[in-house]
Amino acid sequence: MKQFLAIVMALVTVPVFAQAGNVTVIDTNFENGIAGWGPRGDNRQGLEKLEVTTAVKHSGSSSLRVFNRTHEWQGATCKLAANAVGDMFGMEAWLYYKDGPAKVTFVFSTQKTSAQGQAYQNVLQVQANKGEWVQIKGEFTIAKDPTITDVQVYFETPKNDTVEFYIDDIKFVKLDPSLRPKAEVNIPNLRDKVPFDIGAAVSVDDVDFSSEWAQLLMKHFSIIVAGNEMKRDTVEPSEGKYNWIPADKIVDFAMNTGMRVRWHPLVWHSQNPDWLFKGAGATKAGLDQRMKTYIQTVMRKYRGDVDSYDVVNEVLDENGRLRNSEWLKIIGTEYIDNAFRYAREADPKAQLVINDYNLASNPRKRQGMYDLVKDLKARGVPVDAIGMQMHIDIRNPSVSAIKETIELFASLGIKVLVTEMDMSIYTSDTESKKTVTTTILQEQATRYRAIFDVFKEEYQKKNLDAVVIWGTSDNLSWKNDFPVPGRTDAPLLFDSKLKRKPAFDAIVK
Ligand SMILES: [Ca+2]
């Protein structure tokens with residue numbers, strides 16, 4: 001499943017900006033000039049422009065106008081602080097536009113520069129209505145990475161929109177250390193309370209030993225998988241030029257803490273580098289070679305460290321037929337066979353997984369997966385396990401459907417993994433934002449418990465191998481702002497302050 005970049009929400013329980021220990025690092029109302037704000041990129045053509053204007057304002061008599069944008073990443077940027085690494089920040093700003101589509105999504109992002117280059121992260125987003133000021137507000141952490149030499153904060157509209165926009169009343173504070181989330185110490189270790197290996201999806205920021213998220217991971221989890229850093233657009237941005245830095249950090253963390261590592265994914269239709277399906281190498285034989293080279297380069301590098309791979313990811317459509325991906329169109333149906341064979345050749349001991357979503361909730365897709373794996377097995381293709389992503393919600397699919405799906409797949413003589421579990425508090429892609437009440441959290445806890453009871457039973461029957469949760473704390477879930485911008489979700493076992501939720505208590509009890 002597509003994972004959006006980490007989104008960090010406001011902590012509603014504390015009036016963040018009022019804390020005495022906070023240090024203001026940016027405070028601009030554009031009443032006295034442009035301060036430290038400027039256009040993004042090298043702006044070589046001088047196209048994008050910024051100016052202080054009195055035509056529109058949120059406060060006082062002026063605001064910052066951002067115009068002549070030719071790319072969606074162009075916006076307004078400012079240096080965060082002289083020494084920003086390892087600190088947590090609170091931010092707020094007001095945004096406005098008056099010409100263009102009825103709605104525009106504004107994104108607040110960071111740009112971190114180190115010797116390796118620049119890393120960009122979308123931190124917060126807000127949907128604006130034309131002609132109305134909207135506030136963007138929240139918190140974020142800059143990882144304690146001594147190689148970072150500069151941190152910029154900026155506002156952009158990265159969903160293919162170059163509208164002219166206005167900003168006013170921007171404030172950034174370095175948060176009082178007492179406000180930072182802390183992993184709870186005197187609670188049971190989740191990993192000791194379930195019989196199977198239990199994992200979590202992480203980002204490279206989480207595995208810094210100074211991070212409280214790292215403390216949480218070490219205490220509760222025995223497997224990690226990268227949410228994004230092991231996807232091909234990150235690993236091989238141009239052909240043959242590999243960027244191992246983020247994946248290495250995650251694998252090193254696991255090796256240093258005695259955790260297993262899963263690799264997600266090797267072959268997928270999404271989050272690929274632009275060159276992959278283009279050029280002279282994008283023929284049937286050429287693309288097959290590009291697939292083989294990638295699979296075997298990754299697996300030989302991490303042989304002995306990474307022990308489980310999503311070899312192919314999301315190869316089925318909602319009708320249970322093969323997805324009409326570039327892989328299928330260019331190579332043909334044998335791309336799946338080949339991917340598994342190349343993988344087995346590169347690392348005979350690794351667990352090779354076919355991973356997909358909606359397998360418990362969509363009977364056609366479940367049957368399609370069963371038929372596909374049965375056929376692969378019959379032809380001797382080395383597939384070891386079916387990965388059920390398990391992005392589910394607080395009502396659906398039923399516990400019995402989950403159990404039946406695991407047992408159906410296990411009847412093929414292979415293992416089942418739960419690879420990306422989370423449980424949205426929303427039951428549709430259109431439901432609007434709601435308050436996370438005790439009742440909702442209790443309902444979620446009851447359902448998590450019932451499903452984990454099935455996992456335990458299926459583990460004891462030797463059907464289920466491991467369970468991976470798609471994240472740690474709710475604020476880092478990809479479910480925030482997706483698929484409804486501005487809608488916050490609470491699908492995981494820990495809240496944004498890293499406190500255990502009723503779902504955690506229900507599982508460990
Ligand atoms: Ca102003």
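Bear in mind the structure is a predicted one, so any value in this text is a computation, not a measurement.

**Quick word on the overall build of the protein**
The secondary structure content of the protein amounts to 11 helices and 20 strands. In terms of C-alpha radius of gyration, the protein reaches 24 Å, essentially the compact-globule figure of 23 Å for 509 residues. Projected onto its principal axes, the C-alpha positions of the protein cover 75 × 60 × 40 Å. Taken across its 509 residues, the protein has 58% of its residues classed as buried. Considering only intrachain contacts with a sequence separation of at least 6, the fraction spanning at least 24 residues in the protein is 78%. Of the accessible surface of the protein, which amounts to about 20,300 Å², a share of 49% is contributed by carbon and sulfur atoms.

**Let's talk about the pattern of salt bridges**
A complete count under the given rule lists 35 salt bridges for this structure. The partner of Lys284 in a salt bridge is Glu334, and the shortest N-O contact between them spans 2.5 Å. Here the residue Lys284 occupies a position in helix α5 (residues 284-301), and Glu334 occupies one in helix α7 (residues 334-346), the gap between them amounting to 50 residues. Between Glu407 and Lys403 there is a salt bridge; the shortest N-O distance is 3.4 Å. Here the residue Glu407 and the residue Lys403 both occupy positions in helix α9 (residues 399-410), the gap between them amounting to four residues, near one helical turn. On the accessibility criterion, Lys403 (22% relative accessible area) is partly exposed. Where salt bridges share partners, they join Lys403, Glu407, Glu457, Glu458 and Lys461 into one cluster.

**Here we look at the domain arrangement of the protein**
Its domain assignment divides the protein into domain 1 (22-175) and domain 2 (193-508). For domain 1 and domain 2, the distance between their C-alpha centres works out to 33 Å. At the junction of the two partners, domain 1 supplies eight residues and domain 2 supplies seven residues. With both chains or domains summed, domain 1 and domain 2 bury close to 720 Å², and 48% of this area falls on carbon and sulfur atoms. When the area that domain 1 buries against domain 2 is broken down by residue, the three leading residues are Gln116, Gln125 and Lys144, summing to 48%. Where domain 1 touches domain 2, the interface holds one salt bridge. With a closest N to O distance of 3.7 Å, Asp205 and Lys112 form a salt bridge. Counting across the domain 1 and domain 2 interface gives zero residue pairs in polar contact (both at pLDDT 80 or more). The biggest single contributor to the side of domain 1 that touches domain 2 is strand β8 (residues 117-129), with three residues. Looking at the side of domain 1 that touches domain 2, its residues break down into one nonpolar, four polar and three charged.

**Thoughts on the sheet that holds strand β5 (residues 76-79)**
Reading across from one edge, β2-β5-β10-β7-β8 is the order of the five strands in this open sheet, with antiparallel pairing throughout. Two strands in the sheet have a free side with no partner beyond their single neighbour: β2 (38-39) and β8. Where β2 meets β5, two bridges bridge the pair, whose relative direction is antiparallel. For Pro39, the partnering residue across the bridge sits in β5 and is Ala76.

**Focus: the coordination of the calcium ion**
Those donors, Asn29 (O), Glu31 (OE), Ser59 (O), Ser59 (OG), Ser62 (O), Asp168 (OD) and Asp168 (OD), are the protein atoms that reach the calcium ion, and they lie 2.3 to 2.8 Å from it. Spacing between the donor residues of the calcium ion along their common chain follows N-x1-E-x27-S-x2-S-x105-D. Taken together, the residues span a long stretch of sequence, with Glu31 in the loop between β1 (23-28) and β2 and Ser62 in the loop between β3 (49-53) and β4 (63-67) at a distance of 31 residues. We classify Ser62 as buried; its relative accessible area is 5%.

**Digging into the side chain of Asp206**
Tracing the sequence through the fold places Asp206 in the loop between β12 (197-202) and α2 (212-220). Buried Asp206, no salt bridge; nearest opposite-charge side chain is Lys112, N-O distance 10 Å. Looking at Asp206, its side chain comes within polar contact range of the main-chain nitrogen of Ser203, at 2.9 Å. Filtering out sequence-adjacent residues up to four positions away, Asp206 remains in contact with Ser211, Trp213, Ala214, Leu217 and Leu476.

**Some details on helix α8 (residues 363-378)**
Turn by turn, an α-helix covers 3.6 residues, leaving residues three or four places apart pointing in a common direction. An ideal rise of 1.5 Å per residue puts 22 Å on 16 residues; α8 measures up with 22 Å between its terminal C-alpha atoms. Those residues of α8 that fall on the buried side of the exposure criterion are Lys365, Arg366, Gly368, Met369, Tyr370, Leu372, Val373 and Leu376. Residues of α8 that are buried make contact with α7, β16 (351-356), β17 (385-388) and α9. You can read the cap of α8 off the contacts: a side-chain oxygen lies 3.0 Å from the backbone nitrogen of Arg364, and it is on Asn362. In the stretch just after α8, Gly380 is the one whose phi turns positive, near 75 degrees.

**Observations regarding the packing of α5 against α7**
At a minimum axis distance of 9 Å, the contact between α5 and α7 shows a crossing angle of 30 degrees. With respect to each other, α5 and α7 are oriented roughly parallel. Along this stretch, α5 crosses α7, giving a crossing that reads as right-handed. Along its contact with α5, which presents Lys284, Asp288, Met291, Lys292, Ile295, Gln296, Met299 and Arg300, the element α7 presents Glu334, Tyr335, Asn338, Ala339, Tyr342, Ala343, Glu345 and Ala346.

**Focus on the pairing of β8**
Of the strand pairs in this sheet, strand β7 (residues 103-114) and β8 are connected by 12 bridges, and their pairing is antiparallel. For Thr110, the partnering residue across the bridge sits in β8 and is Gln121. Taking the residues between adjacent antiparallel strands as the criterion, β7 and β8 are bridged by two residues.

**Topic: the side chain of Lys365**
By the secondary structure assignment, Lys365 is in helix α8. By relative accessible area, Lys365 is classed as buried at 0%. In this structure, Lys365 is in contact with Leu316, Asp317, Glu318, Gly320, Asp356, Tyr357, Asn358 and Leu359, ignoring residues within four places of it in sequence.

Definitions and limits used
Residues numbered from 1 in each chain as written. Predicted model: local features only at pLDDT ≥ 70, side-chain atom pairs only at ≥ 80, totals over all residues. Heavy atoms only, no water. Helix = DSSP H or I, 4+ residues; strand = E, 2+ residues; numbered from the N terminus. Rg over C-alpha atoms; globule rule 2.2 N^0.38 Å. Buried < 20%, exposed > 50% of the residue type's maximum accessible area, 1.4 Å probe, protein only. Contact = heavy atoms within 4.5 Å. Areas by Shrake-Rupley, 256 points an atom, 1.4 Å probe, with all protein chains shown as cover. Salt bridge = Lys/Arg side-chain N within 4 Å of Asp/Glu carboxyl O. Domains from an automatic or database assignment. Buried area = accessible area lost by both parts, 1.4 Å probe. Polar contact = N/O pair within 3.5 Å; in protein donor to acceptor, adjacent residues only side chain to side chain. Nonpolar A, V, L, I, M, F, W, Y, C, P; charged D, E, K, R; others polar. Pairing = 2+ DSSP bridges. Donors = N, O, S within 2.8 Å, 3.2 Å for Na, K, Ca; no water. Lys, Arg positive; Asp, Glu negative; His and termini not counted. Expected span 1.5 Å × (residues − 1). Axes fitted to C-alpha atoms, helices over the stretch in contact; angles between N-to-C directions. Parallel < 35°, antiparallel > 145°, perpendicular 65-115°, else oblique. Left-handed = near helix turned anticlockwise from the far one by under 90°.

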